[in-house]
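If you want the building blocks of each chain, they are given just below.
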Amino acid sequence: MHTHPADDAAAAPPGPHTHRFGPFGRALHAASKALAALGGLAFVALVAMSLISIVGRKLAAMPVPGDMEVLMMVAAAAPAAFFAFCHLEGGDVKVDFFTAHARPGVVHGLDALGSLLVGLFGALIAWRTGVGAAALREAGETSAILGWPVWVAQAAMVPGFVLMAAAGLYMCGLHLRAARSGGEVRP
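This text gives an overview of the structure that appears in the document.

**Some remarks on the overall build of the protein**
In step 1: Looking only at helices and strands, the protein has 7 helices and 0 strands in total.
In step 2: In the protein, which comprises 187 residues, the share counted as buried stands at 30%.
In step 3: Restricting to contacts in the protein with at least 6 residues of sequence separation, those with at least 24 account for 75%.
In step 4: Total accessible area computed for the protein in this model is approximately 11,500 Å², and 71% of it derives from carbon and sulfur atoms.

**Observations concerning the nonpolar core**
In step 1: In this structure, Phe-21, Leu-28, Ala-84, Leu-88, Leu-163, Ala-167, Tyr-170, Met-171 and Leu-174 together form the largest nonpolar core, which totals 9 residues.
In step 2: Put simply, the parts of the chain that give this core at least two residues each are α4 (83–88) and α7 (158–180).
In step 3: If you tally residues by element for this core, the top one is α7, at 5 residues.
In step 4: Filtering out sequence-adjacent residues up to four positions away, Tyr-170 remains in contact with Phe-21, Gly-22, Phe-24, Gly-25, Leu-28 and Leu-88.

**Notes on the pattern of salt bridges**
In step 1: Summed over all chains, the structure comprises 1 salt bridge.
In step 2: Across the pair Arg-57 and Asp-67 runs a salt bridge, and its minimum N-O distance is 3.2 Å. Taken together, the positions of Arg-57 in helix α2 (residues 23–60) and Asp-67 in helix α3 (residues 67–77) put the pair 10 residues apart, joining distant regions of the chain.
In step 3: Arg-57 gets classed as partly exposed once you look at its relative accessible area, which sits at 40%.
In step 4: Judged by relative accessible area, which is 11%, Asp-67 ranks as buried.

**Things to note about the packing of α2 against α7**
In step 1: Two numbers describe how α2 lies on α7: the axes approach to 11 Å, and their chain directions differ by 150 degrees. The hand of the α2/α7 crossing is left-handed. Across from Phe-24, Gly-25, Leu-28, Ala-31, Ser-32 and Leu-35 in α2, the residues of α7 making contact are Pro-159, Gly-160, Leu-163, Ala-166, Ala-167 and Tyr-170.
In step 2: Class assignment of the residues belonging to the contact of α2 with α7 gives a composition of 9 nonpolar, 3 polar and no charged.

**Notes on the packing of α2 against α3**
In step 1: Contact pair α2 / α3: the axes reach a minimum separation of 10 Å and the direction vectors enclose 165 degrees. The angle between the axes of α2 and α3 places the two elements in the roughly antiparallel class. α2 and α3 meet at a crossing whose hand is left-handed. Within the contact between the two elements, α2 uses Ala-42, Phe-43, Leu-46, Met-49, Ser-50, Ser-53 and Arg-57 and α3 uses Asp-67, Val-70, Leu-71, Val-74 and Ala-75.
In step 2: Taken together, the residues of the contact of α2 with α3 sort by class into 8 nonpolar, 2 polar and 2 charged.

**Section: unusual backbone geometry**
In step 1: Non-glycine residue Ala-61 carries a positive phi angle of around 55 degrees.
In step 2: With respect to the helices, strands and loops of the structure, Ala-61 is situated in the loop between α2 and α3.

**Examining the environment of Met-171**
In step 1: Tracing the backbone shows Met-171 in helix α7.
In step 2: As a C-alpha pair, Met-171 and Gly-119 span 52 residues in sequence and 8.8 Å in three-dimensional space.

Conventions adopted
Residues numbered from 1 in each chain as written. Predicted model: local features only at pLDDT ≥ 70, side-chain atom pairs only at ≥ 80, totals over all residues. Heavy atoms only, no water. Helix = DSSP H or I, 4+ residues; strand = E, 2+ residues; numbered from the N terminus. Buried < 20%, exposed > 50% of the residue type's maximum accessible area, 1.4 Å probe, protein only. Contact = heavy atoms within 4.5 Å. Areas by Shrake-Rupley, 256 points an atom, 1.4 Å probe, with all protein chains shown as cover. Core = buried A, V, L, I, M, F, W, Y, C linked by side-chain atoms within 4.5 Å. Salt bridge = Lys/Arg side-chain N within 4 Å of Asp/Glu carboxyl O. Axes fitted to C-alpha atoms, helices over the stretch in contact; angles between N-to-C directions. Left-handed = near helix turned anticlockwise from the far one by under 90°. Nonpolar A, V, L, I, M, F, W, Y, C, P; charged D, E, K, R; others polar. Parallel < 35°, antiparallel > 145°, perpendicular 65-115°, else oblique.

Structure, rendered in structure tokens:
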């Protein structure tokens, strides 16, 4: 059975798309997409390193030195890279059971509140993560095997949280404008 592109567009979940963003929103989306791609590449590199380490450990008794340290540091930092892109794409988990039959303006008002909370939470986490990284740097804490500075992994999370805050605040404004106009999302 063949479907038409118009059918696919109708079946796509509703949500913000970049053509509805203004210039700042498009730049924010591009930066978020690039950071998410870097986060994805970091996870791919972790998988490759883990495979090499496991095979090396089993076949030659030669694992990658410090593989668990690298895994913990990268796996701590990489997820922060996805939050902003996910929010801009409308990929957040939402329970719309109660709003399924609400007016678009009401739904956008609630989405604005949710986006505001995402923005505020992102700003708070970025601030506290940055403060924590600075404290670790000042303390000079390093990993046990490789001797890598621990603060670097924590500081690597900050850009993702900053973008998350910006994405939340931007989407809050977009949803507020849509709520005021009766449901039409405009940049």
